[in-house]
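Tertiary structure, described
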Amino acid sequence: MVDSTKDEGFEGGCLCGNIRYQSFSKPLITVHCYCTDCRHIGGTGHAAHTVIPDNAFSLVGRVSEYIKKADSGNLINRRFCPICASAIFHTRDGLEGMIVVRTSSLDDPEIALPDRAIYVDSALSWDYINPNIPSSPKMTVKR
Ligand SMILES: [Zn+2]
Ligand SMILES: [Zn+2]
């Protein structure tokens, strides 16, 4: 398929097909988070998050949302499919202008290799932490 927007971008969606999205940007960074909130909603010991600019994000379908304060004090607004409950993306305080899509929702998650790991202090003993990427005990230190 010839589509010039796909040279840089990617697409994704939910399990049932109710939600589809397109990113016109390549992933800026992909972070694996081992915090307890990500564990609860992630289906295993951690969740993978891929960050893109919100002006490069196009969503089709209606998402449900769940807002919760993180231990950083930031409000995180998580969006998910109301039918099949797939996690799609979140936005949060302190990260204005960015969309954080769940890497598991990408059509091809192989394009979003992990750049760093955070909250590894909370990682479960049996979960894998890639030793080849930088990791932080809690949140990523602000650059
Ligand atoms: Zn769905
Ligand atoms: Zn987390």
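The sections below set out a description of the structure shown in this document. (Residues numbered from 1 in each chain as written. Chains lettered and ligands numbered in written order. Predicted model: local features only at pLDDT ≥ 70, side-chain atom pairs only at ≥ 80, totals over all residues.)

Re the overall build of the protein
Each helix and strand counted, the protein has 1 helix and 10 strands in total. Scaling as 2.2 N^0.38, a compact globule of 143 residues should have a C-alpha radius of gyration of about 15 Å, and the protein matches this with 15 Å. Seen along its three principal axes, the alpha-carbon backbone of the protein occupies a region of about 45 × 30 × 30 Å. (Helix = DSSP H or I, 4+ residues; strand = E, 2+ residues; numbered from the N terminus. Rg over C-alpha atoms; globule rule 2.2 N^0.38 Å.)

Examining the sheet that holds strand 1 (residues 10–13)
Strand order across the open sheet formed by 3 strands is 1-2-5, with antiparallel pairing between neighbours. Two strands close off the open sheet at either side, each with one partner strand: strand 1 and strand 5 (57–60). Between one strand axis and the next, the sheet turns by 15° as a mean value, whatever way the strands run. Strand direction decides the pairing type here: strand 2 (residues 20–23) and strand 5, joined by 4 bridges, are antiparallel. Bridging across to strand 5, Arg20 finds its partner in Val60. (Pairing = 2+ DSSP bridges. Axes fitted to C-alpha atoms, helices over the stretch in contact; angles between N-to-C directions.)

Some words on the nonpolar core
Residues Cys14, Ile19, Tyr21, Ile52, Phe80, Cys81, Ala87, Ile88, Phe89, Ile99, Val100 and Val101 constitute the largest nonpolar core, which totals 12 residues. Looking at this core, the elements that each hand over two or more residues are strand 8 (87–92) and strand 9 (98–102). For Cys14, the contacting residues outside a window of four places in its chain are Ile19, Cys81, Cys84, Ser86, Ile88 and Ser105. Listed in part, the 11 residues of the second largest apolar core include Cys33, Cys35, Ile118 and Ala123. (Core = buried A, V, L, I, M, F, W, Y, C linked by C-beta atoms within 7 Å. Buried ≥ 20, exposed ≤ 12 C-beta atoms within 10 Å, placed from the backbone. Contact = placed C-beta atoms within 7 Å.)

Structural notes on the pairing of strand 7 (residues 75–80)
Pairing of strand 6 (residues 64–69) with strand 7, which is carried by 6 bridges, proceeds in the antiparallel orientation. Directly across from Lys69, in strand 7, lies its bridge partner Leu75. If you look at the hairpin formed by strand 6 and strand 7, you'll find 5 residues sitting between the two strands, and Gly73 has a positive phi there, around 95°. As judged from the 5 bridges shared by strand 7 and strand 8, these two strands associate in the antiparallel manner. Directly across from Arg78, in strand 8, lies its bridge partner His90. The hairpin formed by strand 7 and strand 8 contains 6 residues between the paired strands, and Ala85 there has a positive phi angle of roughly 70°.

A short note on unusual backbone geometry
With a phi angle near 70°, Ala85 is a residue other than glycine that sits in the positive phi range. Within the fold, Ala85 resides in the loop between strand 7 and strand 8. For Ala85, a count of 12 C-beta atoms within 10 Å corresponds to the exposed category. Residue Tyr119 is not a glycine yet carries a positive backbone phi of 55°.

Concerning the sheet that holds strand 10 (residues 116–118)
Taken in spatial order, the 7 strands of this open sheet run 6-7-8-9-4-3-10, and their pairing is mixed. Strand pairing shows two members of the sheet lacking a second neighbour, strand 6 and strand 10, which therefore form its edges. Strand-to-strand twist of the sheet, defined as the mean angle between neighbouring strand axes without regard to direction, takes the value 30°.

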